[in-house]
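Residues per chain, in single letters:
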Amino acid sequence: MTEDAVHSDRARRARQLERFEREFGAARRLRRVRAPGRVNLIGEHTDYNDLPVLPMALQRDTAILFAPRDDARVRLVNLDARFGAREFELSASIAPFAAGDWGNYVKAAAEILAREHGVTRGFDGVVAGDVPAASGLSSSAALVVASALALRVANGLELESRAFADLCARGERYVGTQGGGMDQAICIHGRRGHAVRIDFAPLRLAPVAMPAEWRFVIANSLVVADKSGSARDAYNSRRASCERALGAVRDALGEPAARYPDLLAMHGEDELLAAGARVLAAEELARFRHVVGEGLRVERAVEAMRAGDERRFGELMDASHASLAGDYAVSCAELDRLTELQRAAGAAGARLTGAGFGGCTVALCRAERAPALLAALDERFYGPRGAASEAFVACASDGAHVEE
Ligand code: NG1
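Bear in mind that the values here come from a model prediction, so they are computed numbers and not experimental data.

A. Up close: the overall build of the protein. A count of helices and strands for the protein gives 11 helices and 12 strands. The C-alpha atoms of the protein give 21 Å as radius of gyration, which agrees with the globular expectation for 404 residues (22 Å, within 12%). Counting only C-alpha atoms and orienting by the principal axes, one finds that the protein spans roughly 65 × 50 × 35 Å. Here the protein, with 404 residues, has 56% of them falling under the buried criterion.

B. Examining the packing of aromatic side chains more closely. In total, this model carries 10 aromatic pairs according to the counting rule given. When the ring of Trp214 is compared with that of Phe216, the centres are 6.3 Å apart and the planes differ by 70 degrees; the resulting orientation is edge-to-face. Assigned by exposure class, Trp214 and Phe216 land together as buried. Centre to centre, the rings of Phe381 and Tyr382 are 5.1 Å apart; their planes meet at 80 degrees, and the pair counts as edge-to-face. When the ring centre of Phe381 is taken as origin, the NZ or CZ atom of Arg385, which lies over that ring, is 3.7 Å away.

C. The environment of Glu158, seen in detail. Tracing the backbone through its elements, the reader meets Glu158 in the loop between helix H3 (139-155) and helix H4 (161-172). Residue classification places Glu158 among the exposed residues on the basis of a relative accessible area of 71%.

D. Quick look at the pairing of strand S5 (residues 123-129). In terms of residue burial, S5 counts as a mostly covered element, since 6 of its 7 residues are buried. Where strand S2 (residues 54-68) meets S5, 7 bridges bridge the pair, whose relative direction is antiparallel. Bridging across to S5, Leu65 finds its partner in Val126. Bridge count between strand S3 (residues 73-78) and S5: 4 bridges; the pairing is parallel. Paired with Val77 across the two strands is Val126, which belongs to S5.

E. Looking closely at the nonpolar core. By size, the foremost hydrophobic cluster in this structure holds 51 residues, and its most contacted members are Leu90, Phe123, Val145, Phe164 and Ile198. With 9 residues, H3 is the largest single contributor of residues to this core. When near neighbours in sequence (up to four residues on either side) are disregarded, Phe123 contacts Ile64, Phe66, Ala67, Pro68, Arg69, Arg73, Val74, Arg75, Leu76, Ser147, Ala150 and Leu151. Counting 30 residues, the second-largest nonpolar core is a separate cluster that includes Ala258, Leu263, Cys332 and Phe357.

F. Molecular detail of the pattern of salt bridges. Scanning the entire structure with this criterion turns up 41 salt bridges. The partner of Glu315 in a salt bridge is Arg311, with the nearest N and O atoms 3.3 Å apart. Of this pair, Glu315 and Arg311 both sit in helix H9 (residues 310-325), separated by 4 residues, roughly a single helical turn. Exposure remark for Glu315: the relative accessible area of 36% places this residue in the partly exposed category. Arg311 sits in the exposed class, given a relative accessible area of 61%. The network of salt bridges with shared partners includes Asp9, Arg12, Arg13, Arg32, Arg34, Asp61 and Glu403.

G. View of the sheet that holds strand S10 (residues 360-366). Spatial strand order, S9-S10-S8-S11: 4 strands in an open sheet with antiparallel pairing. Each edge of the open sheet carries a strand with a single partner, namely strand S9 (349-353) and strand S11 (391-393). In this sheet, neighbouring strand axes are inclined to one another by 25 degrees on average, regardless of whether the strands run parallel or antiparallel. In the sheet, strand S8 (residues 214-220) pairs with S11 via 3 bridges, with the strands oriented antiparallel. Bridge pairing in S11 links Val217 to Val393.

H. Summary view of the sheet that holds strand S12 (residues 401-402). Spatially, S4-S3-S5-S2-S1-S12 is the arrangement adopted by the 6 strands of the open sheet, whose pairing is mixed. In the strand order of this sheet, the two ends are held by strand S4 (86-89) and S12, each with one partner. Direction of pairing for strand S1 (residues 31-42) relative to S2: antiparallel, over a ladder of 10 bridges. Across the sheet, Ala35 pairs through a bridge with Thr62, a residue of S2. Docked against the sheet, helix H8 (residues 282-307) engages S1 and S2, running at close to 105 degrees with respect to S1. Packed onto the sheet, H9 meets S1 and S2 and runs at close to 85 degrees relative to S1.

I. Region of interest: H3. In a regular helix each residue adds 1.5 Å, so 17 residues correspond to 24 Å; H3 covers 24 Å between its end C-alpha atoms and thus fits that length. The first or second residue beyond H3 is Gly156, which carries a positive phi of 60 degrees.

J. The packing of helix H10 (residues 333-344) against helix H11 (residues 370-382), seen in detail. It is at 10 Å that the axes of H10 and H11 come closest, and there the two elements cross at 135 degrees. Here H10 lies oblique to H11, going by the angle between them. Handedness of the crossing formed by H10 with H11: right-handed. Every residue of H11 that contacts H10 at Glu334, Arg337, Leu338, Leu341 and Gln342 is listed here: Leu373, Leu377, Arg380 and Phe381. Residue classes in the contact of H10 with H11 are distributed as 5 nonpolar, 1 polar and 3 charged.

K. Representation of the pairing of strand S7 (residues 204-209) within the structure. Across 6 bridges, the pairing between strand S6 (residues 194-199) and S7 is antiparallel. Considered in S7, the bridge of His194 is made with Ala209. The loop that links S6 with its antiparallel partner S7 comprises 4 residues; one of these, Ala201, has a positive phi angle of about 45 degrees.

Criteria and cut-off values
Residues numbered from 1 in each chain as written. Predicted model: local features only at pLDDT ≥ 70, side-chain atom pairs only at ≥ 80, totals over all residues. Heavy atoms only, no water. Helix = DSSP H or I, 4+ residues; strand = E, 2+ residues; numbered from the N terminus. Rg over C-alpha atoms; globule rule 2.2 N^0.38 Å. Buried < 20%, exposed > 50% of the residue type's maximum accessible area, 1.4 Å probe, protein only. Phe/Tyr/Trp six-rings, centres within 6.5 Å; stacked < 30°, edge-to-face > 60°. Lys NZ or Arg CZ within 6 Å of the ring centre and 35° of its normal. Pairing = 2+ DSSP bridges. Core = buried A, V, L, I, M, F, W, Y, C linked by side-chain atoms within 4.5 Å. Contact = heavy atoms within 4.5 Å. Salt bridge = Lys/Arg side-chain N within 4 Å of Asp/Glu carboxyl O. Axes fitted to C-alpha atoms, helices over the stretch in contact; angles between N-to-C directions. Expected span 1.5 Å × (residues − 1). Parallel < 35°, antiparallel > 145°, perpendicular 65-115°, else oblique. Left-handed = near helix turned anticlockwise from the far one by under 90°. Nonpolar A, V, L, I, M, F, W, Y, C, P; charged D, E, K, R; others polar.

See below:
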């Protein structure tokens, strides 16, 4: 952590403690858990197709200061005044708050832990987070994982880390998005100074060291990706298209049980796209083309990172963005504009990150170029919109943990 970060973390702890004592009283044994947001460097809309991704955990996170209770009540307040106090009873079937309510991410963790592991003890807690919400940086997974970790501590529940990631991924579907497993896996398995290549079904994790002179700059488009409304439906419909496309192509190739990675390994990209072109309608073929190409780009990006080949990694990011904007149709004018500005300011490559429909972009540049890139975004994107800059340099961080 930089000195600034240490100071602001200390200040946040002090505010959390003060709030805890005001809400719930003093003199209890307090614990604290933290779970980071993430930025995905490449491999978008591949996780739910069992194809790889390459994210890293961020220095921004969600922390919960809490005291376990002897009963099943969960009581929470949030340091962010936009999010009001919430409470509920732990059980294997918990009725959700209204759609989009922040408390549903806590209920998501609680319901699955009660159902699958019989946890019965709740907690009183104060939530403090600095991952921007609804921006493709997984503030949602950070809250689900932090809540699940707090409940595990309260109930003395040991779990293997991959099983825990899988549980949190399934748990988060409580909110209605049929997400893949990337966010929770990186939130739990992030490693300082590393990106992590993640493969699915079964979950496999391979840290890749970040070349020392590389910097990833994240910029918020200021367009809110509404994950409890239209963006959720658009996301779920992409996922359904990919499943239908898989079904049609594997039937055409006579491989009834194959998943995307099996098909790629057995037939290669060209043969798969040719088969797709025979049996898929135009829109489904476009979705299929994105997924197959993006899976291969992740493999190539991992090689480029290992080789320190920034130019190659940047080209793959650009190709990823073009495919997400064209074939997958999940970009928007602001995301496109940010990627153009980042390239013009000297980035090796830039792309939207996360599900899209708004949220953030990520760009790769060398360390010495990062200040110029941030200045260009301020001057040409945020300034004209009368907004304060929402761009920052990502710092590859450790995954979720119990802090005290
Ligand atoms: P965001 O919208 O960035 O949290 C979503 C999914 C991921 C993955 C990406 C697209 C959830 C919780 N997360 O991420 O699993 O599919 O989109 O690559 O739905």
